[in-house]
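Below, each chain spelled out in residue letters.
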Amino acid sequence: MPLIDNQEHILALSGLWKIAITKPNNSEFPSLGIFRCMAKLIQKGVTHRDWLLKYQNIYIPYYSAHIIGSCTMNKAKFADKAVKSNVVQPLMKLLQGKISWVEQRVALRALGHLASHEATFEAVAEHEGEIVEAAINIASTCLQVVYEKFVGLKESERLEYHRNLLTRGYGDLELENGKAEEWASQLQCWSLYLLDCFACKERSLGLICKKQFLKDLGGMWGGLSNPKSPAGIGLLRTLCYTQKGRESIAELQEVIVNLCNVSRSSDERQHMAIDGLLQLLRDPVTRYRVIDTAAPVLADLVELRSIGGKHKVGQAIMQSLLQDYHKIKFCKLNLKSERTNRVLEELWDLKVDRVKRESLMSEEEIREKEVLASALKQEGNREFRLGEVENAVKKYTEALDLCPLKVRKERIVLHSNRAQCQLLLGDPEGAVSDTTRALCLSNMTGLHSKSLWRRSQAYDMKGLAKESLMDCLMFISNRFESRHMTKGFKIPYYAARMVNKQMNATWLFSSAKSSWHITHEEPKEFVVQNKIDALNLRKKTRRTTKGTANLGEQPFIGRRVRNRSRRKLGKASQSRKVLSENVSRNWVQKSDG
């Protein structure tokens, strides 16, 4: 193929791409020399501009790199063949942006798979400095680049081959923008995955642990389109397993706060944030640099049983927090923060002294304490209904002090009720603490829906849009699962309004858009980064060109389906308007009865 100039190449290549995606472990094509062929095609596209603009050859480097990545994803022996076929150097050219951000995405994917295999890591590491610097740069700037090169442009200014790859040559502007957002998120996540491969080997830590990049990692969360990606939190967790990484992270208060926020959220990466904080606390060099920030947050998680496939997580947290508490209790070791001293003292009383006291009590005594706690809860509910919120907090606190530890359901309600009071008193941090404790107690039996909603409200008050959004989505999901047998489930209006607000606040391109409008001047002529003539490129990749319908990664959405979807959305918006008229402005939920 690299030696013959044929306009049918793209059709053959798209067929190979489909097979590579559906059957990545098939040994037939690697044995026929597919890696050498793809490497030469990429090299030809990078070095021969005229050939790249001919026919539909502009698509060839993208599909070639995608095929390499798919075939090396699972099998180490295929990755070894790819390295021996000299694929790394052509992929490096794409990584450096010789064509566009679209090709960078698949080059990162392929290099990440090659670096993940023990046998082929060193072949990638031969270009360690270039790859790490390029990956850091892409992770930091890719959202801005995608917005400037695609999303922020008018429809007539966008490269047609980008639009064809994103939507198979079909779909409207909204679909294009949605796919562009998804691909931009993947571009960032795959660059972080590649960096993680080096961090696991403790390579290039000096480059990765730069202050500004570490600060930026907390905001690289992958968006809703990549919930399973480790993203920035995953890389921070990996760095916390290295001495250099721990010392660098411990110096940055902003990074520690980011880890703390994620550790008390519904984010899929919650267990990674907890693990990273525990590594910092277990290291005597970094322990006392982070304990004042981390201890009050982790203390809320000591009732957590399992998360991320790990069991007895709460017990591990308790042991890490109290590992030298005897020095504070008996040797008069003083910490800088009085709050931290108080938190550790309360934790010792809850998990050590109180457990011992209750183990010596009879069943009758336990039952008596339970009855007294229930009576205090009812008094707290009464004070809440009368508007005496501060008195209600006192009653709930007294009830929590009396309630036996094994009566988990009652403790869930008490923490959640107290959180509601703290929301009304304007104390979002206290509300986050209590709702987190309630959710940890309900971890094994199903999450407590009201606590999810109240924590979402608390994070909204703190201005943490991502954490608020994740809790609100989990609240909706939890309600749906609990009522899956009921027909006509509807998302509560107040939850829909919160989701809409936080989706706008956490839009992937929000910062890119604001800076774009400040600095952007309308260009006289659209110029591609690698100096390909944009006008010629559009002519060569017209949407009407035969064969483009086979080039995408998503199923075709026909006109009838789109029209039907629009009608459904119209009906949904009408029903929401009717519902909103019946909803009171004061939509703060009442306390549990």
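See the structure above.
Residues numbered from 1 in each chain as written. Predicted model: local features only at pLDDT ≥ 70, side-chain atom pairs only at ≥ 80, totals over all residues. Heavy atoms only, no water.

Kindly report on the overall build of the chain, identifying the contributing residues and their values.
The secondary structure content of the chain amounts to 32 helices and 2 strands. For the chain, buried positions account for 52% of its 593 residues. Intrachain contacts of the chain at a sequence separation of at least 6 include 73% that bridge at least 24 residues. (Helix = DSSP H or I, 4+ residues; strand = E, 2+ residues; numbered from the N terminus. Buried < 20%, exposed > 50% of the residue type's maximum accessible area, 1.4 Å probe, protein only. Contact = heavy atoms within 4.5 Å.)

Lay out the environment of Q315 in plain terms, naming residues and giving numbers.
Along the chain, Q315 falls in helix α20 (residues 313-321). C-alpha separation for the pair Q315 and K351, spaced 36 residues apart in sequence, amounts to 9.5 Å.

How would you explain the nonpolar core if you had to name every residue and give the values?
Ranked by internal contacts, the top residues of the largest apolar core, which has 129 residues, are L91 and F213. Counting 13 residues, the second-largest nonpolar core is a separate cluster that includes F384, V389, Y396 and L414. (Core = buried A, V, L, I, M, F, W, Y, C linked by side-chain atoms within 4.5 Å.)

Requested: an account of the packing of aromatic side chains, with residues and values cited.
Applying the stated criterion across every chain yields a total of 13 aromatic pairs. Ring geometry for Y62 and W183: centres 5.9 Å apart, planes at 10°, overall stacked. Here the residue Y62 occupies a position in helix α5 (residues 60-71), and W183 occupies one in helix α12 (residues 173-200), the gap between them amounting to 121 residues. Assigned by exposure class, Y62 and W183 land together as buried. With a centroid separation of 5.9 Å and an interplanar angle of 45°, the aromatic rings of Y147 and F509 are classed as tilted. (Phe/Tyr/Trp six-rings, centres within 6.5 Å; stacked < 30°, edge-to-face > 60°.)

Talk me through the pattern of salt bridges; I want residue IDs and the actual numbers.
Summed over all chains, the structure comprises 34 salt bridges. E122 is the partner of R203 in a salt bridge, and the nearest nitrogen-oxygen pair spans 3.2 Å. Residue R203 is located in the loop between α12 and α13 (205-208), and its partner E122 is located in helix α9 (residues 121-125); the two are separated by 81 residues in the primary sequence. You can call R203 partly exposed: its relative accessible area is 23%. Note that E303 is salt-bridged to R408, the shortest N-O span being 4.0 Å. With E303 in the loop between α19 (287-298) and β1 (306-307) and R408 in helix α25 (residues 408-424), this pair connects stretches of sequence that are 105 residues apart. When sorted by exposure, E303 lands in the same class as R408, which is buried. (Salt bridge = Lys/Arg side-chain N within 4 Å of Asp/Glu carboxyl O.)

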